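Observations on chain architecture
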Amino acid sequence: MRVEETLLPGVGISYEFRTAAGRQIGVVARRDGTTELVVYAEDDPEYVAESVMLQSDERATLVELLTAPPGPSGPPGHTQHPI
Amino acid sequence: MHADPGAWLAAGAAGAVGQDLLELGAVFFGLGLLGMVAHRFGLSPVPLYLVAGLAFGDHGPLPLAAGERFIDVGAEVGGVLLLLSLGLEYSATELVSGVRRQLPSGLVDLVLNATPGAALALLLGWGPTAAVALAGVTYVSSSGIVAKLIADVGHLGNRETPVVLSLLVFEDLTMAIYLPVLTALLLGLGWVSATTSILVALGVVVASLFVALRFPQAVARMMFSPNDEVLLLRVLGLALLAAGLAQQLNASAAVAAFLVGLSLSGEIAEGAYTLLRPLRDLFAAIFFLFFGLQIDPATIPEVAPLAGLLAVVTAVTKIASGWWAGGRSALTPRGRLRVGIALIPRGEFSIVIAGLAATTSVDARFGALAATYVLILAVAGPLAVRMAELQLTTHRRKAVRSQRARRGGAVGSPTEREDHGG
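**Thoughts on the overall build of chain B**
Helix and strand counts for chain B stand at 17 helices and zero strands. Here chain B holds 422 residues, and the buried ones make up 50% of them.

**Comments concerning the packing of aromatic side chains**
Residues and elements named next belong to chain B. Counted according to the given criterion, the structure contains five aromatic pairs over all chains. Seen from their ring centres, Phe287 and Phe288 are 5.3 Å apart, and the 70 degrees between their planes marks the pair as edge-to-face. Neither Phe287 nor Phe288 differs from the other in exposure class; each is buried. Counting every residue linked through ring pairs, the aromatic cluster contains Phe28, Phe70 and Phe283.

**Points about the interface of chain B and chain A**
On the chain A side, the residues contacting the 34 residues of chain B number 26 residues. Regarding the contact of chain B and chain A, the summed buried area is about 2400 Å², with carbon and sulfur atoms giving 47% of it. At the boundary of chain B and chain A, one finds five salt bridges. Put simply, A:Glu4 and B:Arg159 hold a salt bridge, and the shortest N to O gap is 4.0 Å. Listed by contribution, the elements that provide at least two residues to the side of chain B that touches chain A are helix H5 (92-123), helix H8 (161-186), helix H15 (333-342) and helix H17 (365-406) of chain B. In terms of residues, the side of chain B that touches chain A owes the most to one element, H17(B), which gives eight residues. Tallied by class, residues from the side of chain B that touches chain A come to eleven nonpolar, ten polar and 13 charged.

**Regarding the sheet that holds strand S5 (residues 48-54) of chain A**
Residues and elements named next belong to chain A. Across the sheet, five strands lie side by side as S1-S2-S3-S4-S5; this open sheet has antiparallel pairing. Both outer strands of the open sheet, strand S1 (4-8) and S5, are each paired with one neighbouring strand and no more. Averaged over all pairs of adjacent strands, the angle between strand axes in this sheet comes to 20 degrees, irrespective of strand direction.

**As for H8(B)**
All names here are of chain B. For H8, spanning 26 residues, the distance from its first C-alpha to its last is 35 Å, which sits close to the expected 38 Å at 1.5 Å a residue. Maximum bend of H8: about 30 degrees, positioned at Ala176, with proline Pro180 one to four residues after it. Within H8, 23 of the 26 residues are buried, leaving the element largely enclosed by the surrounding structure. At the C-terminal side of H8, Gly188 shows a positive phi close to 65 degrees.

**Looking at the packing of H5(B) against helix H9 (residues 191-214) of chain B**
How two helices sit against one another is set out by the angle between their axes and by the gap between those axes. Between H5(B) and H9(B), whose axes approach to 8 Å, the crossing angle comes to 115 degrees. When H5(B) is examined against H9(B), the residues B:Ala92, B:Thr93, B:Leu95 and B:Val96 are found in contact with a partner set consisting of B:Leu209, B:Ala212 and B:Leu213.

**Remarks on the side chain of B:Thr174**
Residues and elements named next belong to chain B. In this fold, Thr174 is placed in helix H8. Look at Thr174 and you get buried, because its relative accessible area is 18%. Polar side-chain contacts of Thr174 include one of 2.6 Å to the backbone oxygen of Phe170.

**Structural notes on the confidence of the model for chain B**
Residues and elements named next belong to chain B. For chain B, the average pLDDT comes to 84, and 88% of its residues sit at 70 or higher. Element-level pLDDT for chain B is lowest in helix H1 (residues 5-12), with a mean of 56, against a maximum mean of 94 in helix H14 (residues 300-328). In the predicted structure, residues 409-422 sits below a pLDDT of 50 and forms eleven contacts with residues beyond four places in sequence or in another chain. Interface predicted TM-score (ipTM) for the complex: 0.83; the corresponding pTM is 0.84.

About the cut-offs
- Each chain carries its own residue numbering, running from 1 in the written order of its sequence.
- Chain labels run from A onward and ligand labels from 1 onward, assigned in the order the entries are written.
- Only residues with pLDDT of at least 70 are given local features in this predicted model, and only at 80 or more are side-chain atom pairs given and counted; all residues enter the totals for whole chains, interfaces and linings.
- Working from all heavy atoms in the structure, the side-chain values ignore hydrogens and water.
- Runs of H or I in DSSP of at least four residues are treated as helices and runs of E of at least two as strands, each being numbered from the N terminus.
- Note on classification: 1.4 Å probe, protein chains only; a residue is buried when its accessible area is under 20% of the maximum for its type, exposed when over 50%, partly exposed between these limits.
- Only rings of Phe, Tyr and Trp enter the pairing, Trp through its six-membered ring, and a pair is recorded when the two centres are within 6.5 Å. The plane angle decides the type: under 30 degrees is stacked, over 60 is edge-to-face, the rest tilted.
- Should any heavy atoms of two residues lie within 4.5 Å, those residues are considered in contact.
- Accessible surface is computed with a 1.4 Å probe, and the buried area is the amount of it that two parts give up when combined, taken over both parts together.
- Salt bridges are identified by distance alone: a Lys or Arg side-chain nitrogen within 4 Å of an Asp or Glu carboxyl oxygen.
- Amino acid classes used here: Ala, Val, Leu, Ile, Met, Phe, Trp, Tyr, Cys and Pro are nonpolar; Asp, Glu, Lys and Arg are charged; the rest, including Gly, are polar.
- Note on pairing: two strands pair once DSSP finds at least 2 bridges between them.
- Only C-alpha atoms enter the line fits that serve as axes; for helices the fit covers just the stretch in contact. Angles between N-to-C directions range over 0 to 180 degrees.
- Every helix has an expected span of 1.5 Å times one less than the residues it contains.
- Bend at a residue means the angle formed by two fitted axes: the first through the 7 residues ending at that position, the second through the 7 residues beginning there.
- Side-chain atoms alone can form a polar contact between residues adjacent in sequence; in general such a contact is a pair of N or O atoms within 3.5 Å, and within protein one must be able to donate a hydrogen while the other accepts it.
- Per-residue confidence from the predictor is given as pLDDT, running between 0 and 100.

Given below as structure tokens:
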């Protein structure tokens, strides 16, 4: 999987890649330390459909969830919603 | 000046100091309210500060009297801080690589957008110097407004964003050469001294870029301090010294401040930028206010149609040059449009140029024209971006929905997103 890295002068660096399902997603790493999770539009992979700003602790939480999604008896700090 | 702060405070209740504070307080608080309104509607506060200046000027409805000394100096500091922050945002490597990548597009941008300003000034019979000044006003997009706008609408990840940002970088570097040239022209220096000062300015630009590229650690070590206030004082002090020195040498104070920021990079630049930002916001507001203060609102109706025409023409030329630049980067047609639309707003550099021109011998209406022009585009530009965003969003939502319908229902999405209407 090729990750494209683009320098954004004065702002930071943008990383993006295409999933097997054909969606383009990525991350904008800003110089001030915040990160932006970016999902590109379905019909226009050059256009950001949704972008979410993440502080460093929020980024860590997302990474934790993505790396090892906890099971139903999750770790403390997670609120469980019974189905 | 009162040497004893106690006596100063005691005397403050009566007399000029009290009036200073009242007026300044009213101005700052008013600017804050304006800024709040601007942010509420997702606009840049710059045009509102200009309008406030028009209202509070000597010719306006509510003339300021006592606070003017502070505002005079504050405006100069504001100009320095604006350019210093801009330089801090970029690293010298980015600048050089941005210029290399976008050289043809940058030149097209320059030619297409400087020409209308120059042409109008010549048509009005304002002379070649005014033509050069007005060309600069119409050419350079506002790095501050554009970059913030892209971030605010969440488009930093768009494919066209690096093109937009690189063009801004190119324009800023062009300013580093243009401003000394303009200063020399405005001062009416003879050929020899004009050429000398331009060459000296170019030499300084090249030298600082060289130092920043080759010896970044040396500069950082000189400025570094673990103490925030020391770093702040050093960086600001250095920028003001450089700017003042440049002015004494009839060179551009703004460019000197820009170069100081540029020669700092990495963590020092980050730290300094964060420390300076509140100061910059305060003094930049004063900077724009001050420019507005100098303009006689009575001259505006006369130049308003011209400013409007210039705004429309140069909005189109920005879209055209953006279209060209986007083509070079192989963007889709929509992406190419977005490049130009994003670059429509004019702002701080145009005001810096107009401020330089207004203090010298060009036509008295220059300032009013420039202010009205910037006002129009600083409001219309971001509006255009948001409207294009809205258009594209609703258009795309329909396209995506029909696409999904054709595919026979979305793959495993339990809820359909409600159409919020943008």
